[in-house]
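# Coordinate inspection notes
What follows is each chain in one-letter form.
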Amino acid sequence: MSSGGASVECVNDPTEPNVADAINAMHAGTWAGTIGLELLHATRDEVVGELVVQPHHRQPHGIVHGGVYSSVIESLASIGAALDAMRHGRTVVGLENHTSFVRAVREGVLRATARPLTRGRRSQAWDVTIVDGAGALVATGRVRLLVLEPDATVAGAEIG
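These remarks concern the structure in this document. (Residues numbered from 1 in each chain as written. Predicted model: local features only at pLDDT ≥ 70, side-chain atom pairs only at ≥ 80, totals over all residues. Heavy atoms only, no water.)

## Notes on the pattern of salt bridges
Oppositely charged side chains may form a pair once their charged atoms are brought near each other. In the structure shown here, the tally under the stated rule is 7 salt bridges. We note a salt bridge from arginine 44 to aspartate 45, for which the minimum N-O separation is 3.6 Å. Of the two residues, arginine 44 and aspartate 45, both sit in the buried class. Glutamate 96 serves as the salt-bridge partner of arginine 144, at 3.0 Å between the closest nitrogen and oxygen. With arginine 144 in strand β6 (residues 137-148) and glutamate 96 in strand β3 (residues 91-101), the pair connects residues that are 48 residues apart, well separated along the chain. Assessed through its relative accessible area of 34%, glutamate 96 is described here as partly exposed. Through salt bridges that share partners, Arg44, Asp45, Asp84 and Arg119 make up one connected network. (Salt bridge = Lys/Arg side-chain N within 4 Å of Asp/Glu carboxyl O. Buried < 20%, exposed > 50% of the residue type's maximum accessible area, 1.4 Å probe, protein only. Helix = DSSP H or I, 4+ residues; strand = E, 2+ residues; numbered from the N terminus.)

## Some remarks on unusual backbone geometry
Its identity as a non-glycine residue notwithstanding, alanine 155 has a phi of 55 degrees, on the positive side. Within the secondary structure, alanine 155 is located in the loop between β7 (153-154) and β8 (157-158).

## A look at the packing of aromatic side chains
Summed over the entire model, instances satisfying the criterion amount to 1 aromatic pair. Seen from their ring centres, tyrosine 69 and phenylalanine 101 are 6.0 Å apart, and the 45 degrees between their planes marks the pair as tilted. A residue pair is termed long-range when its members are at least 10 positions apart, and tyrosine 69 in helix α3 (residues 66-86) and phenylalanine 101 in strand β3 qualify at 32 residues. (Phe/Tyr/Trp six-rings, centres within 6.5 Å; stacked < 30°, edge-to-face > 60°.)

## Here's the deal with the nonpolar core
Judged by nonpolar contacts, the single largest core of 35 residues is most densely connected at Leu39, Ala42, Tyr69, Val72, Leu76, Leu110 and Ile130. For this core, the secondary-structure elements that each account for two or more residues are α1 (20-26), α2 (31-35), β1 (38-42), β2 (47-52), α3, β4 (109-119), β5 (123-131) and β6. With 11 residues, the top contributor of residues to this core is α3. The residues contacting alanine 42, other than those within four sequence positions of it, are Pro17, Asn18, Val19, Ala20, Ile23, Val47, Ile79 and Leu83. (Core = buried A, V, L, I, M, F, W, Y, C linked by side-chain atoms within 4.5 Å. Contact = heavy atoms within 4.5 Å.)

## Thoughts on the sheet that holds β5
Picture the strands of a sheet paired through backbone hydrogen bonds; they go either parallel or antiparallel. Across the sheet, 6 strands lie side by side as β1-β2-β4-β5-β6-β3; this open sheet has antiparallel pairing. Where the open sheet ends on each side, the last strands, each with one partner, are β1 and β3. Neighbour to neighbour, the strand axes of the sheet diverge by 20 degrees on average, direction disregarded. In the packing of α3 onto the sheet, the strands contacted are β1, β2, β3, β4, β5 and β6, and the crossing angle to β3 comes to about 145 degrees. (Pairing = 2+ DSSP bridges. Axes fitted to C-alpha atoms, helices over the stretch in contact; angles between N-to-C directions.)

So, in C-alpha cells, the structure goes:
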C-alpha cells in the first residue's frame, strides 16, 4: 500500500526499534486495519502511516470524510504514545482529538506523521500532520492522551 517504496525520512533516535511491521500484523480486526491504515515507521519518537483513499472513505460530496482524518490522527498519536508508555509498564487512552481539515481530497495516497509534543508521567500530547501525494497539507491534529497505570479500569474493564 505504500507509495512505491518511497523512503521514509524520520527524525528520531536511530537506536529505537521500528515496530511498524509488528503493529501492521496486529491490525486485522482493529479500526486502523478496517480503514486500511498501513504503518511505515513506528517508534516512541515518530509514527508514519499511509492510507490509500478508497470509495468508502468518501462522504456524499465525493471528498474524504473528516472522520477518516480524525481516525488516522488518533491512531498514530495513540500508537506513538503507547510505545513510550510501554517502556514504563503503562498504556494510554485518548482524551482529546482536535483535528483541522485544511484541503479537500478525493483520491490518492495520504501520508500522516505523528510526533510527541510532551510526554509526561500522567499525560502526553502528540502533533500529527497529513499530506497528500504531492506533499500538500491536508489535515492537522493534536491528541492528548492519559497515561494509565497497569491495573487501570476503563469502561468497566481492567486494561491489561
